[in-house]
Amino acid sequence: MTSQPTSALQSSLLTTFGFDGFRPGQEQTISQLLNGQSSLAIFPTGSGKSLCYQLTALHLPHLTLVVSPLLALMKDQLAFLASKGIKAASIDSTLKGNEAQTVMAGVRDGDIKILMVSVERFKNERFRQFIESVPVSMLVVDEAHCISEWGHNFRPDYLKLPSYCQALKIPLVLLLTATATRKVKLDMAAKFAIRDEHIVQTGFYRANLDLSVLPVTESDKNGLLAQIISQQSTQQQGPGIVYVTLQHSAEKVALYLTQQGINACAYHAGFDSDTRSQIQQDFMAGKIQVIVATIAFGMGIDKSDIRFVIHYDLPKSIENYSQEIGRAGRDGMPAQCFTLANLDGLNTVENFVYGDTPEFNGIEMLLNSIKDEVITSAYDSKWELQILQLSNAVNIKQLPLKTLLVQLELAGVIEPLYAYFADFKIKLLKPKTEIINSFNAQRQDFLQRIFNATDFKKVWGSLNFDTLLQDKTIERNRVIAALEYLQEQQLIILETKGMTEVFKINLTELADPSLCQSLANYFKDNEVKEIKRIAALVRFFQLDTCLTVNLARYFDDAFFDQNRLDVSGAGESGSTPQCGHCSVCRGQVAVLERSQAQVPWPSDETLKQGMSELTERLAGKINQPLSLESYCRFFAGMTVPLFGRNKVRQLSGFGVCEQQRYQGIRDKIAPLFTTMQ
Ligand SMILES: [Zn+2]
């Protein structure tokens, strides 16, 4: 691979994309990649990260494989690429019938240069078989901070990307992210052996964003919100986003704003996907001025003229805050960011963290179920799981459960072998004999065996692999390849589900007596870390030095320190520089308080009654006695798989302490729990 002369890149930029110049960092990143140097690019949201891989892909000999965490992001980028006449596609769950086949054929022919997938797609054996068979020039990881356990959007499956990359022998990697602290940055680069000098970081600082923290009591919040939005509207008539923590607040706040004559609409993950995409389209088209949303809204929304972002509730972390305000003013015009702050919602934010920590006995159950499997399994040290069933069985939510599995992998206890679909369903598009007769004798025999092992009902037939594979001369891979081929030839329709993951078990590591405790400690450490992250956020909003400067420093951007930029001229050497466009620079240092009177605790009698209600409801539903943690979660109104299945929400004690901080609930329930034993 040779480096492209700058002029070649420039002309490719102009002729293909219609841009007459690179934005900061783009050219350096692209040149590095074309020199064969894996790179990490950290650019603020909306500053042209995607172009780095899009332009590079056109100059690479083979496929560029892009891993993206969100369908909406993929669809947006595909629409952009299509508008530039670049052949790109995705393989995702929305593809119907043989659309995936068409995409794969396009990639094989070299017609499609860019393929987008989610990280979960790698677990799909049909996809893995396919991607192993085509040469890949570059792997791109979008929103790459998901790789880092220190990051705020940690996606356990991302930890496996480095090994996929090695296994597929992909020579070049590009990691893209908008926000990364120093620790996250170094962590990401190390995982893909990216050299320090190939990290390209443009300024984090956005001069057009005005930051304000407004301390306000809970009861005054709605009034203040409506007032801010009305002022915004008279000044600029621009669109805006209001972020809230809970789905029901999104609806309540949107309703309030509508009653005040503001064109507002709620948006959250509880709406079905059609409703959500309709709302997005209306917002993009300017039919809705204000979206009141949970954090489900935003990733993948590329609207450049958002004039204000208001945090109605505290964001989850400084990282979330920065990502969310980053959606404002991407056109470079002034935009306002307000945080309506008090400490009332703090326990809600904290409870999200506590609710995700698996219980010690849940981890124990998981390890025991692996051990049981080893003893009873006919395939000695193999372990099979389907994530939903397992989540219910061990009472751990799916996300922490996935994290737990990745931790077991990293500890060498389990090793992923493959994943397969438990259910293969076949629909014949032509009569069976006609299909069989269109092949030569040897293949006819093979197909006949597959069809013999398929239980055909009216329309669909289910293939029974157990029966089929009893004949040791038949390999699973060949069967799948044959079915894929039949589908490509439009002779059948193939449907697969019931993703089953198969792991090899390392019995020595599994027998380690300290394993359960060390896994529990890992989650406890994470819990502590997350709670500290929330505390850091609360401190940030109460800083008495410039918010913008502190935010830039938090993300390792030395802009202010290097330039000694000080708009006000008030900074002396050694003091914090000032941006001149934040509430602290305007002399308003925020002090956050609890505005609502502390809700009194329910009486011990009520709590005891709640405990026995729960004990009774769950009697016989779980192998072990209920833990202290289960009672605390019940009173805090948190949902775990065991509660959801047994309709625990209906019990009168559910959520009676939801206004309390979780640590307080633990302290309160612990003595009652002890006397109950
Ligand atoms: Zn400032």
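Residues numbered from 1 in each chain as written. Predicted model: local features only at pLDDT ≥ 70, side-chain atom pairs only at ≥ 80, totals over all residues. Heavy atoms only, no water.

So, about the packing of aromatic side chains. Per the counting criterion, the structure on display carries 19 aromatic pairs. A centroid spacing of 4.6 Å and a plane angle of 25° characterise the contact between Tyr 354 and Tyr 662, whose relative ring orientation is stacked. Taken together, the residues span a long stretch of sequence, with Tyr 354 in helix α13 (residues 346–356) and Tyr 662 in helix α28 (residues 662–676) at a distance of 308 residues. The residues Tyr 354 and Tyr 662 share a single accessibility class, namely buried. Here the aromatic rings of Trp 383 and Phe 503 are separated by 5.8 Å at their centres, their planes lie at 35°, and the arrangement is tilted. Highlighted residues: Trp 383 in strand β14 (residues 382–385) and Phe 503 in strand β18 (residues 492–505), separated in sequence by 120 residues. Judged by its relative accessible area of 3%, Trp 383 is buried. Taken together, the ring pairs in this structure connect Phe 122, Phe 127, Phe 130 and Tyr 164 into an aromatic cluster. A cation over an aromatic ring shows up here: Lys 221 above the ring of Tyr 312, its NZ or CZ 4.9 Å from the ring centre. (Phe/Tyr/Trp six-rings, centres within 6.5 Å; stacked < 30°, edge-to-face > 60°. Helix = DSSP H or I, 4+ residues; strand = E, 2+ residues; numbered from the N terminus. Buried < 20%, exposed > 50% of the residue type's maximum accessible area, 1.4 Å probe, protein only. Lys NZ or Arg CZ within 6 Å of the ring centre and 35° of its normal.)

Turning next to the sheet that holds strand β2 (residues 63–67). The strand order across the open sheet formed by seven strands is β3-β4-β2-β5-β6-β1-β7, and the pairing between neighbours is parallel. The open sheet has two free edges, formed respectively by β3 (88–90) and β7 (199–201), since each of these has just one partner strand. Each strand of the sheet is rotated relative to its neighbour by a mean of 20°, with strand direction disregarded. Sheet topology places strand β1 (residues 39–42) next to β7; three bridges connect them, and they run parallel. By the bridge assignment for β7, Leu 40 is matched with Ile 199. Taken strand by strand, helix α4 (residues 71–83) contacts β3 and β4 (114–117), and its axis lies near 160° from that of β3. Across the sheet, helix α8 (residues 182–191) touches β1, β6 (172–177) and β7, and the angle it forms with β1 is around 155°. (Pairing = 2+ DSSP bridges. Axes fitted to C-alpha atoms, helices over the stretch in contact; angles between N-to-C directions. Contact = heavy atoms within 4.5 Å.)

Here we take up the domain arrangement of the chain. The domain boundaries assigned to the chain delineate domain 1 (6–201), domain 2 (209–344 + 551–566), domain 3 (382–505) and domain 4 (604–676). Between the C-alpha centres of domain 1 and domain 4 there is a distance of 46 Å. (Domains from an automatic or database assignment.)

Further remarks concern the state of the cysteines. According to the stated counting rule, one finds zero disulfides in the structure shown. Distance from the sulfur of Cys 337, which forms no disulfide, to the nearest cysteine sulfur (Cys 579) is 11 Å. (Disulfide = S-S within 2.5 Å.)

Okay, the packing of helix α6 (residues 125–132) against helix α20 (residues 476–488) next. In the contact formed by α6 and α20, the axes pass within 11 Å of each other and the chain directions differ by 85°. If you check the angle between α6 and α20, you find them roughly perpendicular. From α6, Glu 125, Arg 126 and Gln 129 reach across to α20, where they touch Arg 476, Asn 477, Ile 480, Glu 484 and Gln 487. Split by residue class, the contact of α6 with α20 holds one nonpolar, three polar and four charged. (Parallel < 35°, antiparallel > 145°, perpendicular 65-115°, else oblique. Nonpolar A, V, L, I, M, F, W, Y, C, P; charged D, E, K, R; others polar.)

So, about the side chain of Gln 289. Structurally, Gln 289 is set in the loop between α11 (273–284) and β11 (290–293). Within the structure, the side chain of Gln 289 is placed 2.8 Å from the backbone oxygen of Gly 238, a separation counted as a polar contact. (Polar contact = N/O pair within 3.5 Å; in protein donor to acceptor, adjacent residues only side chain to side chain.)

With that settled, consider helix α15 (residues 387–394). Among all positions in α15, only Ile 387, Leu 390, Ser 391 and Val 394 are buried. For α15, the angular spread of buried residues about the axis comes to 105°, placing them on one side. The exposed set on the far side of α15, more than 90 degrees from its buried face, consists of Gln 389 and Ala 393. Positive phi appears at Asn 395, one or two residues downstream of α15, with a value of about 55°. (Arc of directions from axis to C-beta.)

This next bit is on the sheet that holds strand β12 (residues 308–311). With parallel pairing, six strands are arranged side by side in an open sheet as β8-β13-β12-β9-β11-β10. Every other strand in the sheet has two partners, leaving β8 (209–215) and β10 (264–267) as the edge strands with one partner each. The mean inter-strand angle of the sheet, taken between neighbouring strand axes irrespective of direction, is 15°. Alignment of β12 against strand β13 (residues 335–341), held across four bridges, turns out to be parallel. By the bridge assignment for β13, Phe 308 is matched with Gln 336.

For the rest of this paragraph, the subject is the pattern of salt bridges. This structure, assessed with the given rule, holds 26 salt bridges. One salt bridge connects Arg 182 with Asp 556, and the closest N-O pair in it is separated by 3.6 Å. Here Arg 182, found in helix α8, pairs with Asp 556, found in the loop between α23 (547–554) and α24 (559–563); they are 374 residues apart in sequence, far enough to count as distant. We note a salt bridge from Glu 629 to Arg 666, for which the minimum N-O separation is 2.7 Å. Here Glu 629, found in helix α26 (residues 628–636), pairs with Arg 666, found in helix α28; they are 37 residues apart in sequence, far enough to count as distant. For the residue pair Glu 629 and Arg 666, the accessibility class agrees, reading buried in each case. Among the ionic contacts, a cluster of salt bridges with common partners joins Lys 524, Glu 527, Glu 629 and Arg 666. (Salt bridge = Lys/Arg side-chain N within 4 Å of Asp/Glu carboxyl O.)

Geometry reference: four tetrahedral donors at a metal, ideal angle 109.5 degrees. Six octahedral donors, ideal angles 90 or 180 degrees. Coordination of the zinc ion by the protein is provided by Cys 546 (SG), Cys 579 (SG), Cys 582 (SG) and Cys 585 (SG), with metal-donor distances spanning 2.3 Å. One way to put it: the four donor atoms around the zinc ion meet at angles of 98 to 118°, and that makes the site tetrahedral. We note that the donor set of the zinc ion lies within a single chain, spaced as C-x32-C-x2-C-x2-C. Of this pair, Cys 546 sits in the loop between α22 (515–541) and α23 while Cys 582 is found in the loop between α24 and α25 (604–617), placing the two residues 36 residues apart along the sequence. This pair shows no difference in class: Cys 546 is buried, exactly as Cys 582 is. (Donors = N, O, S within 2.8 Å, 3.2 Å for Na, K, Ca; no water. Tetrahedral: all angles 85-135°; square planar, octahedral: opposite > 155°, others 65-115°.)

Our focus in this paragraph is the environment of Thr 179. In this fold, Thr 179 is placed in the loop between β6 and α8. Classification of Thr 179 by relative accessible area gives buried; the value is 5%. Here the alpha-carbon distance between Thr 179 and Ala 8, two residues 171 residues apart in the chain, equals 31 Å.

Turning our eyes to something else, we now look at the environment of Phe 22. If you trace the backbone, Phe 22 turns up in the loop between α1 (6–17) and α2 (26–34). Using a relative accessible area of 17% as the deciding quantity, one classes Phe 22 as buried. When the C-alpha positions of Phe 22 and Ser 212 are compared, they lie 32 Å apart, and in sequence the two are 190 residues distant. Those residues in contact with Phe 22, other than ones at most four positions away along the chain, are Leu 9, Gln 10, Leu 13, Glu 27, Ile 30, Leu 51 and Leu 55.

It is worth spelling out the nonpolar core at this point. One finds Leu 211, Leu 551, Leu 614, Phe 635, Phe 643 and Ile 669 to be the most contacted residues of the largest nonpolar core, which totals 72 residues. Looking at which element gives the most residues to this core, the answer is α22, with seven residues. Counting only domains with at least three residues in this core, you end up with domain 2 (209–344 + 551–566) and domain 4 (604–676). Those residues in contact with Leu 551 that sit more than four places away from it in its chain are Phe 204, Leu 211, Ile 318, Tyr 321, Ser 322, Ile 325 and Phe 540. Of all hydrophobic cores here, the second largest spans 41 residues; its members include Ile 91, Ile 112, Phe 127 and Val 141. (Core = buried A, V, L, I, M, F, W, Y, C linked by side-chain atoms within 4.5 Å.)

To continue, consider the confidence of the model for the chain. On average, residues of the chain score 88 in pLDDT, and 94% of them reach the 70 mark or higher. Here residues 567–571 scores under 50 on pLDDT; set against residues more than four positions off or in separate chains, the count is six contacts. (pLDDT = per-residue confidence, 0-100.)

Of note in the backbone geometry, Lys 169 takes a positive phi value of approximately 55° without being a glycine. If you trace the backbone, Lys 169 turns up in the loop between α7 (161–167) and β6. Here the phi dihedral of Lys 647 falls at roughly 50°; this positive angle occurs in a residue that is not glycine.

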